[in-house]
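Coordinates in review
In case you want the letters, here they are:
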There are 2 protein chains.
Amino acid sequence: MATLSDIGLAAGLNILSAFIFFAAFAILRLQPFNDRVYFPKWYIKGLRTDPVHGGAFVRKFVNLDWRSYIRFLNWMPAALRMPEPELIDHAGLDSVVYLRIYLTGLKIFVPIAFLAWAVLVPINATDTGLEGNKNITSSDIDKFSISNVQSQSERFWAHILAAYAFTFWTCYVLLKEYEKVASMRLQFLAAEKRRPDQFTVLVRNIPPDPDESVSELVEHFFLVNHPENYLTHQVVYNANKLAKLVKKKKKLQNWLVYYQNKLERTSERPQMKTGFLGLCGDKVDAIDHHNTEIDQLSKEIALERDKVTNDPKSIMPAAFVSFKTRWGAAVCAQTQQTRNPTMWLTEWAPEPRDVYWSNLAIPYVSLTVRRLIMAVAFFFLTFFFMIPIAIVQSLASLDGIQKRAPWLNPLIGISFIKSFIQGFLPGIALKLFLIFLPTILMIMSKFEGFGSISSLERRSASRYYIFNFVNLFLGNILTGTAFQQLDSFIHQPANQYPITIGTAIPLKASFFITYIMVDGWAGIAAEVLMLKPLIIYHLKNFFLVKTEKDREEAMDHGSIAFNIGEPQIQLYFLLGLVYAAVTPTVLPFIIVFFGLAYVVYRHQIINVYNQEYESGAAFWPDVHIRVIVALIVSQVVLMGLLTTKKAASSTPFLIALPVLTIWFHFYCKGRFEPAFVRYPLQEAMMKDTLERATDPNLNLKAYLQNAYAHPVFKASLGDDDEDEEVISLKLENESVTVPTKRQSRRSTPLPSRISGASSPSLPDGIRNHPEP
Amino acid sequence: MATLSDIGLAAGLNILSAFIFFAAFAILRLQPFNDRVYFPKWYIKGLRTDPVHGGAFVRKFVNLDWRSYIRFLNWMPAALRMPEPELIDHAGLDSVVYLRIYLTGLKIFVPIAFLAWAVLVPINATDTGLEGNKNITSSDIDKFSISNVQSQSERFWAHILAAYAFTFWTCYVLLKEYEKVASMRLQFLAAEKRRPDQFTVLVRNIPPDPDESVSELVEHFFLVNHPENYLTHQVVYNANKLAKLVKKKKKLQNWLVYYQNKLERTSERPQMKTGFLGLCGDKVDAIDHHNTEIDQLSKEIALERDKVTNDPKSIMPAAFVSFKTRWGAAVCAQTQQTRNPTMWLTEWAPEPRDVYWSNLAIPYVSLTVRRLIMAVAFFFLTFFFMIPIAIVQSLASLDGIQKRAPWLNPLIGISFIKSFIQGFLPGIALKLFLIFLPTILMIMSKFEGFGSISSLERRSASRYYIFNFVNLFLGNILTGTAFQQLDSFIHQPANQYPITIGTAIPLKASFFITYIMVDGWAGIAAEVLMLKPLIIYHLKNFFLVKTEKDREEAMDHGSIAFNIGEPQIQLYFLLGLVYAAVTPTVLPFIIVFFGLAYVVYRHQIINVYNQEYESGAAFWPDVHIRVIVALIVSQVVLMGLLTTKKAASSTPFLIALPVLTIWFHFYCKGRFEPAFVRYPLQEAMMKDTLERATDPNLNLKAYLQNAYAHPVFKASLGDDDEDEEVISLKLENESVTVPTKRQSRRSTPLPSRISGASSPSLPDGIRNHPEP
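Once a new chain begins, its residue numbering starts again from 1 and follows that chain's sequence as written. A letter from A marks each chain and a number from 1 marks each ligand, given out in the order of writing. Residues qualify for local features only when their pLDDT is at least 70, as the model is predicted, and side-chain atom pairs are given and counted only at 80 or more; totals for whole chains, interfaces and linings, by contrast, use all residues. Hydrogens and water are ignored here; the side-chain numbers use all heavy atoms of the structure.

**Digging into the overall build of chain A**
Test applied: The numbering of helices and of strands both runs from the N terminus, where a helix is a DSSP run of H or I of at least 4 residues and a strand a run of E of at least 2. Here the term buried applies to any residue with accessible area under 20% of the maximum for its type, exposed to any over 50%, and partly exposed to those in between, with areas from a 1.4 Å probe on protein chains only. Residues count as neighbours in contact if any of their non-hydrogen atoms are within 4.5 Å of one another. Every accessible area reported is derived by Shrake-Rupley at a probe size of 1.4 Å, with residue values counting cover from the shown protein chains alone.
Within chain A, the regular secondary structure consists of 37 helices and six strands. A total of 772 residues make up chain A; the buried ones form 54% of that total. Sequence-distant contacts in chain A: of pairs separated by 6 or more residues, those separated by 24 or more amount to 82%. Carbon and sulfur atoms make up 64% of the accessible area of chain A, which amounts to about 33900 Å² in all.

**Description of a nonpolar patch on the surface**
Note the cut-off: Each patch is built from residues lacking any salt bridge and having more than 30% relative accessible area; the joining distance is 9 Å for like charges and 5 Å for nonpolar side chains (Val, Leu, Ile, Met, Phe, Trp, Tyr). Any carboxyl oxygen of Asp or Glu within 4 Å of a side-chain nitrogen of Lys or Arg constitutes a salt bridge here.
A surface patch of nonpolar side chains, about 630 Å² in accessible area, is lined by V376, F379, F380, F383 and F384 of chain A together with I655 and V659 of chain B. Among the elements that line the nonpolar patch, the one with the most residues is helix α16 (residues 364-396) of chain A, at five residues.

**Let's talk about the sheet that holds strand β5 (residues 315-323) of chain A**
Residues and elements named next belong to chain A. Going by this rule: DSSP bridges decide pairing: two strands pair if at least two such bridges lie between them. Between the N-to-C directions of two axes lies an angle of 0 to 180 degrees, each axis being a line fitted to C-alpha atoms and, for a helix, fitted only over the stretch in contact.
The strand order across the open sheet formed by four strands is β2-β5-β1-β6, and the pairing between neighbours is antiparallel. Since the sheet does not close on itself, it has two edges, and those belong to β2 (230-237) and β6 (345-348), each with one partner. Each adjacent strand pair in this sheet contributes to an overall mean axis angle of 30°, direction not counted. Bridge analysis of strand β1 (residues 200-204) against β6 gives four bridges, and the strand direction is antiparallel. Within β6, the residue paired with R204 across the bridge is L345. Along the sheet, helix α15 (residues 326-334) contacts β1, β5 and β6; its crossing angle with β6, the most-contacted strand, is approximately 130°.

**Notes on unusual backbone geometry**
All names here are of chain B. For W344, which is not a glycine, the phi torsion comes out positive at approximately 50°. Of note, W344 is situated in the loop between α14 (326-334) and β6 (345-348). In this structure, A617 is a non-glycine residue whose phi angle is positive, near 60°. Structurally, the position occupied by A617 is in the loop between α27 (586-607) and α28 (620-644).

**Things to note about the nonpolar core**
Quick note on the threshold: Only buried Ala, Val, Leu, Ile, Met, Phe, Trp, Tyr and Cys residues count toward a nonpolar core, and they belong to the same one when joined by side-chain atoms within 4.5 Å.
One finds Y102 and F473 of chain A together with Y102, F473 and F594 of chain B to be the most contacted residues of the largest nonpolar core, which totals 290 residues. Not counting chain neighbours up to four residues away, the residues in contact with F594 of chain B comprise I101, Y102, G105, L106, F109, I569, Y572 and F573 of chain B.

**Observations concerning the confidence of the model for chain A**
Residues and elements named next belong to chain A. Quick reminder of the rule: A residue's pLDDT is the predictor's confidence in that residue, given on a scale from 0 to 100.
Chain-level pLDDT for chain A is 75 on average; 76% of the residues reach the 70-or-more range. Ignoring residues within four places in sequence, the model shows residues 480-486, a span with pLDDT below 50, making 11 contacts including any to other chains. Segment residues 716-772 is flagged for pLDDT under 50; beyond a separation of four residues in sequence, or across chains, it makes 70 contacts in the model. Model confidence for the complex: the whole-complex pTM is 0.76, and ipTM, which rates the interface, is 0.70.

**Digging into the relation of the copies chain B and chain A**
Applicable threshold: Here the copies are superposed with least squares, the fitted atoms being C-alpha atoms of residues at a pLDDT of at least 70 in both.
It takes a turn of 180° to lay chain B on chain A, together with a shift of 0.1 Å along the axis; the resulting RMSD is 0.1 Å. Interpreted geometrically, this transformation is the action of a two-fold axis. Interface residue correspondence from chain B to chain A reaches 100%, placing this contact among same-surface, isologous pairings.

**Quick notes on the environment of A182 of chain A**
Residues and elements named next belong to chain A. Secondary-structure assignment places A182 in helix α10 (residues 156-191). When the C-alpha positions of A182 and L103 are compared, they lie 16 Å apart, and in sequence the two are 79 residues distant. Contact partners of A182, with chain neighbours within four places excluded, come to F672, A675 and F676.

**Description of the sheet that holds strand β5 (residues 315-323) of chain B**
Residues and elements named next belong to chain B. What the four strands build is an open sheet, ordered β2-β5-β1-β6; its pairing is antiparallel. Because the sheet does not close on itself, it has two edges, and the strands there are β2 (230-237) and β6. Direction aside, the axes of adjacent strands within the sheet are offset by 30° on average. In this fold α14 packs onto β1 (200-204), β5 and β6, with an angle of close to 130° to the strand it touches most, β6.

**Considering the interface of chain B and chain A**
This is how it is decided: Buried area adds together the accessible area that both of two parts lose upon being put together, with accessible area traced by a 1.4 Å probe. We define a polar contact as two N or O atoms separated by no more than 3.5 Å, with the added condition that, inside protein, one atom must be a possible hydrogen donor and the other a possible acceptor, whereas residues neighbouring each other in sequence contribute only through side-chain atom pairs. Note on residue categories: nonpolar means Ala, Val, Leu, Ile, Met, Phe, Trp, Tyr, Cys or Pro, charged means Asp, Glu, Lys or Arg, and polar means any other residue, Gly included.
Counting from both sides, the interface comprises 49 residues of chain B and, opposite them, 49 residues of chain A. Taking both partners together, chain B and chain A bury about 3900 Å²; carbon and sulfur atoms supply 59% of that area. The largest contributions to the chain B side of the interface with chain A come from Q336, R339 and W663 of chain B, which together make up 18% of the buried area. Connecting chain B to chain A are zero salt bridges. Inspection of the chain B/chain A interface yields six residue pairs in polar contact (both at pLDDT 80 or more). Looking at the side of chain B that touches chain A, the elements that each hand over two or more residues are α9 (156-191), α11 (214-225), α14, α15 (364-396), α29 (656-672), α30 (674-677) and α31 (681-694) of chain B. The dominant element in the side of chain B that touches chain A, judged by the number of residues it contributes, is α29 of chain B, at eight residues. Partitioned by chemical class, the residues of the side of chain B that touches chain A number 28 nonpolar, 16 polar and five charged.

**Examining the environment of D311 of chain B**
All names here are of chain B. Along the chain, the position of D311 falls in the loop between α13 (286-310) and β5. A relative accessible area of 26% means that D311 is categorised as partly exposed. When the C-alpha positions of D311 and R602 are compared, they lie 48 Å apart, and in sequence the two are 291 residues distant.

**Here we look at the packing of aromatic side chains**
What counts is decided by this rule: When the centres of two rings from Phe, Tyr and Trp lie within 6.5 Å, Trp using its six-membered ring, the rings pair. Their planes under 30 degrees apart give stacked, over 60 give edge-to-face, and anything left gives tilted.
In this structure the tally under the stated criterion is 56 aromatic pairs over all chains. Ring centres 6.5 Å apart and planes at 35° place the aromatic pair Y465 of chain A and F469 of chain A in the tilted group. One end of the pair is Y465 of chain A and the other is F469 of chain A, both in helix α21 (residues 453-481) and four residues apart, which spans about a single turn. Judged by its relative accessible area of 17%, F469 of chain A is buried. Taking the centre distance of 5.2 Å and the plane angle of 65° together, the rings of F511 of chain B and F512 of chain B count as edge-to-face. Linked through ring pairs, Y98, Y102, F109, F562, Y572, F573, F593, F594, Y601, Y609 and F619 of chain A together constitute an aromatic cluster.

**Considering the side chain of S445 of chain B**
Relative to the helices and strands, S445 of chain B is located in helix α19 (residues 437-448). If we skip the residues at most four places from it in the chain, S445 of chain B touches F450, L456, R459 and S460 of chain B.

**Thoughts on the state of the cysteines**
What is meant by a disulfide is a covalent connection between two cysteines, made through their sulfur atoms. Which entries qualify depends on this criterion: Cysteine sulfur atoms are paired as a disulfide whenever they come within 2.5 Å of each other.
All chains considered together, the criterion is met by zero disulfides over all chains. Of the cysteine sulfurs around C171 of chain A, a residue in no disulfide, the closest is that of C668 of chain A, at 7.6 Å. Given the relative accessible area of 9%, C171 of chain A is considered buried. This cysteine, C332 of chain A, is not joined by any disulfide, and C332 of chain B carries the nearest cysteine sulfur, 16 Å off. The class of C332 of chain A is buried, set by a relative accessible area of 0%.

**Things to note about the packing of helix α7 (residues 93-125) of chain B against helix α26 (residues 562-580) of chain B**
Residues and elements named next belong to chain B. The following threshold applies: Working definition: roughly parallel below 35 degrees, roughly antiparallel above 145 degrees, roughly perpendicular at 65 to 115 degrees, and oblique for all remaining angles. Crossing chirality is assigned from the near helix's rotation relative to the far helix, an anticlockwise turn below a right angle marking it left-handed and a clockwise turn marking it right-handed.
Orientation of α7 relative to α26, taken along the N-to-C sense of each, is 15°, at an axis distance of 10 Å. By the angle between their axes, α7 is roughly parallel relative to α26. Classified by chirality, the crossing of α26 by α7 is left-handed. In this structure, α7 contributes Y98, I101, Y102, T104, G105, I108, F109, I112, A116 and L120 to the contact, and α26 contributes F562, G565, E566, I569, Y572, F573, G576, L577 and A580. Per-class residue counts for the contact of α7 with α26 are 14 nonpolar, four polar and one charged.

Below you can see the structure in the form of structure tokens.
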């Protein structure tokens, strides 16, 4: 068990590392040559150009203005300044609602922490439950926790009442947030400009027909069954091979540029070997070799493109069907088309950027089988991952090291190193394990056959959450006490869980505090530094960049990784709710995490991230239900804990809590969830009518004609050199992001001008209003 | 523990009572004066008239034809003769699919029983597990059960393999049945004639508007949002008080007829007292008194009717909105109308007969609160009902009687009475308890606010099933072994359940066999006798019947009580599946039940029951999932049982079964359930097109104008004397039942003509075909 001074040291270490990250960030971001790393969003939006074109050579790379270094934490208030409506314009609804998750955490836990510290901590601290019980090594933190209350005490009534208060407060905040997010989503959908996906429905599982091609079949089916609404459709080509070729060509072109740059610098024609990884084979002239290869690939691509467009076998049994009105699309997306509900499946088309092309052709039976396989695979992944983690932890514990490597004993004897091992190592071991997981989960989701990137991410997120719950939360609580328990645990009756967990929960508080500091404090601070994109950008910039366009491509804007970030936040909700009534000491650490993460991610969303797609906050129901689950877990755990404390007279009063919480969930589900899965006809009709009035001569068919072409075909419409990435970028600029009207924002991050134009967002917001 | 001879005696008793019921039925049904009791369905359809009008007076009441008594079980093959398509025409799809539940039971259990008796029984019987263990009193039946296999035996592999075989077979049958029922439903919906509910959508939770009446609001909303499809609408009046008055008048009219008949018979003006129940108060002339009262009520009714139709406050915020096409209605029913998903809720209108009028006005929030209240109430009902049952059972057990009433010892000593107590009493005690339950559950469902009778019945059925599961199945298994266990059971860890149940299951086999015989054999045989309707009909016939119309009203045709019958069947599925691998002795008893019940209910459906509504087999998904639940319970119980048998090496192989079963359920849900909740647009469009071609001048508006008027208003459109029942009867004849073309059926049940025209249904079926 870690003592208070261990935790103090760990806190110091983590605060120090966070401080170092922030300081490094403050210095690096001010250097002009890093500008594209730390402000790519503004470049993408075309609102910022390379900082100082004229001036001294040094100034181009290093910021010599000493004043700007003084206010090195200035970016924090700056990040908070942009008002929400403008942020929606700037970064999309997904990002803004993602930030609201952190805000929700603050709204829930700040009042809870106040209540817990005002009521529960004094009650716990003044009892003497731990003094009599000497066989459990208790730490100082446990003095403030429920462990210190004596068995059968009447004081447990306070904890039960507190559990009620916490539940009601959490539900109240959740209700208000759901309400707000739902109305934001509907407002966003109503206010936004014409978009192809408003008119389009994705049709999957088109049955094969011996007489007609897929295209004819689709046209006939919808002409018959939606005669007044059907407008046009696009079939889906199986262009996976083509996309692979295009990608390969792109890579070769990069190498070509690299060699050409080398030639310019060294004035010596570069050579290369043609064999494996350029390590063996004949030596040839690199530029010539690449030119030939690219030519050959271009031919292959042209051939493959012909094949894909002309061969009926490369048409997949799926299509994007567009309608004359939003009303028609809303009707088609929400209704069943034929007797067999596994044929002609219709759903809202995802945004063109959001489509995950290679999954569109999977038939229904295959989908259900894939889902079963993945469910079983995920089960094994979840429950067998536990073992390596437990081994690493038992190795990394002080006892484990002393036992297995006794020659390290003198080193461990030093109290600083001892604290370091106890405070740092377990957290890092876990973190390393978890880094590789999201990728595996994403591959699993792709195998399951979801048709859009947003749904892939949502699925991965829920899997990741379950994994975290079992392995990070339960795994640490149960194996942490004793690794040998794992085996006996399997043979233990399943409902001993609440009691086992309840007993272990207070004991693990110090571990989770350490974890929160490593993962939630230092980890978040590292996020803002963006070391990996920084290094990659400079490498690319040095080797590949020739033109302005190349430099644009070299920027790695990144995006909110919902599938990684959201489950992480949910872990904090879980820890916070579980420990709120048990060990309130944990709460301040969680509040610091939520606050810090909110500021950092707000800054990143404003300046860095560029979302790949916009789902209109479709993920909120997932966020909501996971907080509800955390709430129910916290109630069950408290029941288990109180049972072991022999508070038999008071425990039954907790039973109403899960019932009420579940009911609350169903109420919210019925009340708000439809806003996230369906599109009300009234809204559609209003938009249609408005559009008919404002733009009566709109040629919708031309507008929708190629909206859902596969990205590789999009590329072929433009310059031959342009590739999918650029195109999709272009597309998004055309169709989604509304260019901010604020010109002043262009300069905000540059401190030398900030001092001149310090007027923040509010006046701008007002200024924007009168404009139509 | 009951011995084999106890069970033999109980079987004899039950077979005897079943035989007595059948014999009584065979005699009573042949008497002409019972004709309307046993063949009301044919009278309602107008295909049968009172049997012998001419002839001797005695022949009018008693059948003297001795030949007809010889073949007294003839009705059984006769009931099986009518082919399914004709039965759908005759009785509706609900009835036919209800019969399929019994057929499904036979399809599942006959092969399972063969396999179990061929493989498991020899394996169990040749082991010696029970010989060593003398502290459990084992009966002969246990010799054939899994109890007789020794712990840690390798023989358990056979049970595990059998569990796999049973699961796969059950799933296969379920899949085929779901497929068949879904296609029957769609065929039924497609083949049926024009019906108001095909064009109509029920709109609930219309928001209040200060400026417009509900009617105007509805019209405007749908003119705007469904401009091309909206046709007309009918608001819903709060006519609950009016309906009550009409009912009261009807009752008074019955009394009037009674006194008038009395006057005719006795030629003496009857007198009555006006006070409480006619026991006190002034003596008045009964006929005059009733005439005055009826006059006064008629005035009140007219007044109330005026009030309801003119007072805007009596219009409820709900409406039946009709569309020009089935397509339009299908679209509106399946889509969300406005931003707020709790306003303007649309769903398919139930059949006019199926509407439960008084629940149409409940707002969304109230609904969710009502649901919570009922969930909690149902929880208490379920778990506190257990105690009285357990008390009665411990009293009714042999030990209980001996302990509490030692003076009965000499009586109990007689082996016949001993067997009677053991074989009969526990079943009857339970049955009596359960008789009053469906009414309570129905009231609870009504309070919950469902809008149609069919959904009320489905809800009650699922509640009744849960109740049966907890109290009849679990309650008997757990409290039966020892009532004192109940208390300790609450404090027992929840996952000991599978093990506790698993251990108790084989011991309770004999109890459940007795229960099956009492409830499933004798109970079903009593159903066909219809004692209650028989007595009531003759009482009514004597006191109230004056005209032919009165006699028609006196008939009590009854209907399949889905909310009572289906959970009962499900109990047999549960018992059969649970005992299949444990005690195969139970299976033959269950098969007899399914076979007998199938024949009896087929006979009742053909000759007696007249369904109040037609939901198109909307209940099948409920039936399906309950069998799945039974399957999973059986697997879990087997796992628990094998765990106690220390078959640790083989038990883990069972874990895959529940996983596969749950997956199978999701597969079926996705594949078939939409057919039961949505109406495919293609079907709607096809029907629309067909109708436009065949009936181009149809005045749909007139057809739909009054389809959804409250029944009390319907009455006022016709004769003032006609009441709701007659009207709804009429309506149904007009709109639903297709008159059978077979004239010969009119006489089939009359044996004297059967002998003449013994040609059964097949030639008729063929003869019918050439007719258009």
